[in-house]
Amino acid sequence: MTIQFNDETFRDDYTFRNSDWAIKRFPFPFHEDSYMYSVNMEQHRGGPKGSVYEKRFDVDEHYISEMRDRALVLAEDPLRCQSLPHMTLAGWDLLELIMVSKSEDYPDLFELHRNGDTWRWINKPLGIDDTFTFMDEASLPYGPMEYITRQAQGDYAVLDQRENNLWMDAGMVTTQADWSLDFDIGMNFFEWHAPVPMAHEMGVFKRALKFLLNIQQGSPARRLNWTMTVNPLLDTSPENYHKWGVQKTTLTPENIGRKQHLRDELQTFYRLPRSNALVFPIRCYLIALEDLVTVPKWGRRLHRVIRDLPDELATYKGFIRNRPMILDYLSHYDDGKPTSPGIWPDLDTEPPLQKYVSRFAGNR
Amino acid sequence: MSKFDFPPSIPSRPVYGTLEPRKGTQHLMIADGEGAEALLDLASVAPEIIAQAHVIFIPQGAAALADKLRATGPAILHIGPSYPATVQRIRRVLQDTVMGAQIYLAGTEGLIGQAMNEALQAGIPMEAIQTEHRGSVARRVQCVHCKGITEDVMTDPFICSHCGLNLFVRDHYSRRLAAFQGVCIDAEDPGEVPEPVELYT
């Protein structure tokens, strides 16, 4: 199918919306009615047709608008894209991976024509038609990592592998869940995850690192992660927290369904061929609660997950102050029915909401 | 009391040891303030190492310690007025290090972090760098918002010396910046800034 690209914003007037298509394919991150940290890795080898797992680098209706938002962030703060000097080769690896994947997976949108080292890249949605020399930085308007990640949704952390560890030595980070590339660049796997509560003690990072160090070329992996964001704001950066933090205080029982979003991250992991680096794309998907609860299974389950989440995690994920209001809203979409295992919406098999209670009932 | 036991913290936060004499082809020692006492302790157990050492000391008011260091007879002793005034010399000396050089860093976290950064950039392996904290527990903090670094932060929260935001001090630490991270404390409740308390109290 041809994608209809939205013209929308992720800031100021927040015109971002998900179509019915985007709602049904939202990568809901909970496979059961509770949540705790786990390594939860699986092979990234496609998935159901139309799902966000199907292609190597998912392109959806938000593509053009997300790339416009990225350009705005970079114009304001170029430090969101950095690459330590030894990471240029990994940048070329990444450029090749994305160009080859997108041109093969979306031939109607992207074309790559290679004639020796002379490459022609056509990106139809963004109106780009560039010819350059592979491995010659002077032939591109930006470094190779920046060039291609200005044309690819999601953040990209490029990790050098040495001393049995992974080092955050390059990245493009403009849609992050409150972490700073500029601060974390150069850190190893345990250092950049240092602020995460509970998971170190559980041994999650040791197991995850062991898994990631062994990822082979041609065998990418994936997992889902999540948080909550008020307004469809992609750039929830620590850099701008003094500007957006106050938006958390604007929720009311009347606007919460529209303003409170579940923020999902589809994280994938690819070994790069020349540099042996690991690239870690972190793709952000946003969905308003009022859209999410149109899938009865997801409404039931999100209520239970948020209700039972340990306070440390709700604090770390930044929604502890709004949790009571979120729960009040979601409780009207949980009729106590059991839910089917797995993340898929199961619209044809899951029962509709049994006893719909107006979401304003509690306030009248 | 110049020694301080830091409470356990997150994995990015540096931990410090106690300087020990090690065999090496060269010995470069960099200290500030009460860090000189760590070098004096080292000299008392290994005078032969001090006799070979290039010592760079930034007294920060502890001038008497400079005299004590001189009395231990280091091969070279340089007294610098401040870290920024001394960093060019540190870089130059690091250029001359050879395989097997040992680096000893002692004093405040700011001095240790910045000098370690220089040593690592000069290609010194981590295993050849020892650290010992002495003296002030003040922190060097980067404002995550404006990127300015405030030296000698003693309270939490504090006011960024560059942009004026009220910042709380995280334990998250960047070796590249040799700084802790400071984040706006009243972003969600503008104007509601708790009374500053001294660090570790």
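Above this text sits the structure in question.
Below, the structure is looked at part by part. (Residues numbered from 1 in each chain as written. Chains lettered and ligands numbered in written order. Predicted model: local features only at pLDDT ≥ 70, side-chain atom pairs only at ≥ 80, totals over all residues. Heavy atoms only, no water.)

1. Some points on the overall build of chain A
Along the backbone of chain A there are 13 helices and 10 strands. The C-alpha radius of gyration of chain A comes to 21 Å, within 12% of the 21 Å expected for a compact globule of 364 residues. Of all 364 residues assigned to chain A, the portion counted as buried reaches 59%. Partitioning the intrachain contacts of chain A with sequence separation of at least 6 by distance along the chain shows that 72% fall at a separation of at least 24. Summed over all atoms, the accessible surface of chain A reaches about 14900 Å², with 51% contributed by carbon and sulfur. Across chain A, the centroid of the 42 positively charged side chains sits 5 Å from that of the 53 negatively charged ones. (Helix = DSSP H or I, 4+ residues; strand = E, 2+ residues; numbered from the N terminus. Rg over C-alpha atoms; globule rule 2.2 N^0.38 Å. Buried < 20%, exposed > 50% of the residue type's maximum accessible area, 1.4 Å probe, protein only. Contact = heavy atoms within 4.5 Å. Areas by Shrake-Rupley, 256 points an atom, 1.4 Å probe, with all protein chains shown as cover. Lys, Arg positive; Asp, Glu negative; His and termini not counted. Charge placed at Lys NZ, Arg CZ, Asp CG, Glu CD.)

2. Section: the nonpolar core
Residue and element names in this part refer to chain A. Core analysis: the biggest nonpolar cluster contains 66 residues, and L166, W226, L262, L302 and I306 have the highest contact counts within it. A total of 6 residues in this core trace back to one element, the largest contributor, which is helix α7 (residues 204-213). Other than its neighbours up to four places away in sequence, L166 contacts L159, D160, Q161, M187, N188, F189, W192, L209, L212, L213 and L278. Formed by 38 residues, the second largest nonpolar core is a distinct cluster that contains V59, Y106, F110 and Y270. (Core = buried A, V, L, I, M, F, W, Y, C linked by side-chain atoms within 4.5 Å.)

3. A closer look at the sheet that holds strand β3 (residues 76-79) of chain B
Residues and elements named next belong to chain B. In spatial order, the strands read β3-β2-β1-β4-β5; together these 5 strands make up an open sheet with parallel pairing. Edge strands, defined here as strands with exactly one partner in the open sheet, are β3 and β5 (129-133). Shown here is a sheet whose adjacent strand axes are inclined to one another by a mean of 10°, direction ignored. Its contacts with the sheet place helix α1 (residues 35-45) against β1 (26-32), β2 (54-58), β4 (101-107) and β5, and it is angled at close to 145° to β1. (Pairing = 2+ DSSP bridges. Axes fitted to C-alpha atoms, helices over the stretch in contact; angles between N-to-C directions.)

4. Structural notes on the pairing of β5(B)
Residue and element names in this part refer to chain B. Summarising burial for β5: 5 of the 5 residues are buried, a large majority. Here 5 bridges tie β4 to β5, and the two strands are oriented parallel to one another. Bridging across to β5, A106 finds its partner in E132. Regarding topology, helix α5 (residues 109-121) serves as the crossover connection from β4 to the parallel β5, and that connection is right-handed. (Right-handed = clockwise from strand over helix to strand, strands pointing away.)

5. Structural notes on the pattern of salt bridges
With the rule as written, the count across this model stands at 42 salt bridges over all chains. For A:R56, the salt bridge identified is with A:E104, shortest N-O distance 2.7 Å. Here the residue A:R56 occupies a position in the loop between β1 (42-43) and α2 (63-76), and A:E104 occupies one in helix α3 (residues 88-105), the gap between them amounting to 48 residues. Residue class for A:R56 comes out partly exposed when judged on its relative accessible area of 29%. In this structure, B:E188 and A:R321 form a salt bridge, with 3.2 Å as the shortest nitrogen-oxygen distance. Of this pair, B:E188 sits in the loop between β11 (179-184) and β12 (197-198) while A:R321 sits in the loop between α12 (311-316) and α13 (323-331), on two different chains. On the accessibility criterion, B:E188 (14% relative accessible area) is buried. Assessed through its relative accessible area of 38%, A:R321 is described here as partly exposed. Through salt bridges with shared partners, a single network forms among A:R25, A:D58, A:D60 and A:R283. (Salt bridge = Lys/Arg side-chain N within 4 Å of Asp/Glu carboxyl O.)

6. A few points about the packing of aromatic side chains
Residues and elements named next belong to chain A. Under the criterion given, the structure shown has 31 aromatic pairs over all chains. Aromatic side chains W119 and F134 sit 4.2 Å apart centroid to centroid with 5° between the ring planes, which places their arrangement in the stacked category. Residue W119 is found in strand β4 (residues 118-123), and its partner F134 is found in the loop between β5 (128-133) and α4 (144-149); the two are separated by 15 residues along the sequence. Here the two residues W119 and F134 agree in accessibility, since each one is buried. (Phe/Tyr/Trp six-rings, centres within 6.5 Å; stacked < 30°, edge-to-face > 60°.)

7. What to know about the environment of B:C143
Residue and element names in this part refer to chain B. Looking at where C143 falls in the secondary structure, it is placed in strand β6 (residues 139-143). Note: C-alpha distance between C143 and L167 (24 residues apart in sequence) is 7.4 Å. In contact with C143, not counting residues within four places along its chain, are G148, C160, C163, L167 and G182.

8. Some remarks on the packing of helix α11 (residues 296-308) of chain A against α13(A)
Residue and element names in this part refer to chain A. Across the interface, α11 lies against α13 with an axial gap of 9 Å and an inter-helix angle of 150°. By the angle between their directions, the pair α11 and α13 is classed as roughly antiparallel. Helix-helix and strand crossings are classified by hand; for α11 and α13 the assignment is left-handed. Contact with α11, carried on its side by L302, H303, I306 and R307, involves R323, I326, L327, L330 and S331 of α13 and no other residues of that element. Each residue belonging to the contact of α11 with α13 can be placed in one class, and the counts come to 5 nonpolar, 2 polar and 2 charged. (Parallel < 35°, antiparallel > 145°, perpendicular 65-115°, else oblique. Left-handed = near helix turned anticlockwise from the far one by under 90°. Nonpolar A, V, L, I, M, F, W, Y, C, P; charged D, E, K, R; others polar.)

9. Looking at the interface of chain B and chain A
Each partner contributes residues to the interface: chain B has 24 residues there, and chain A has 25 residues. Taken together, the two surfaces of chain B and chain A that pack against each other cover about 2000 Å², and 58% of this comes from carbon and sulfur. Across the pair A:D182 and B:K147 runs a salt bridge, and its minimum N-O distance is 3.1 Å. There are 14 residue pairs in polar contact (both at pLDDT 80 or more) connecting chain B and chain A. Those elements that place two or more of their residues in the side of chain B that touches chain A are β10 (166-174) and β11 of chain B. Take the side of chain B that touches chain A: its biggest share by element is 5 residues, from β11(B). (Buried area = accessible area lost by both parts, 1.4 Å probe. Polar contact = N/O pair within 3.5 Å; in protein donor to acceptor, adjacent residues only side chain to side chain.)

10. Section: α11(A)
Residues and elements named next belong to chain A. In a regular helix each residue adds 1.5 Å, so 13 residues correspond to 18 Å; α11 covers 19 Å between its end C-alpha atoms and thus fits that length. Burial of α11 is extensive: 11 of the 13 residues sit out of reach of the surface. When we look at burial in α11, the residues that qualify are P296, K297, W298, G299, R300, R301, L302, H303, R304, V305 and I306. (Expected span 1.5 Å × (residues − 1).)

11. Describing the side chain of B:H27
All names here are of chain B. Looking at where H27 falls in the secondary structure, it is placed in strand β1. Judged by its relative accessible area of 5%, H27 falls in the buried class. Looking at H27, its side chain comes within polar contact range of the side chain of Y104, at 3.0 Å. Discounting residues that sit within four places of it in the chain, H27 has contacts with R22, I49, Q52, A53, H54, Q102 and Y104.

12. Focus on the packing of α1(B) against helix α3 (residues 63-71) of chain B
Residues and elements named next belong to chain B. Packing of α1 against α3 leaves a shortest axis separation of 10 Å and a crossing angle of 20°. What the angle tells us is that α1 and α3 run roughly parallel. Both α1 and α3 take part in a crossing whose hand is left-handed. On α3, the residues that touch A36, E37, L39 and L40 of α1 are L65, K68 and L69. Its residues assigned to classes, the contact of α1 with α3 comprises 5 nonpolar, no polar and 2 charged.

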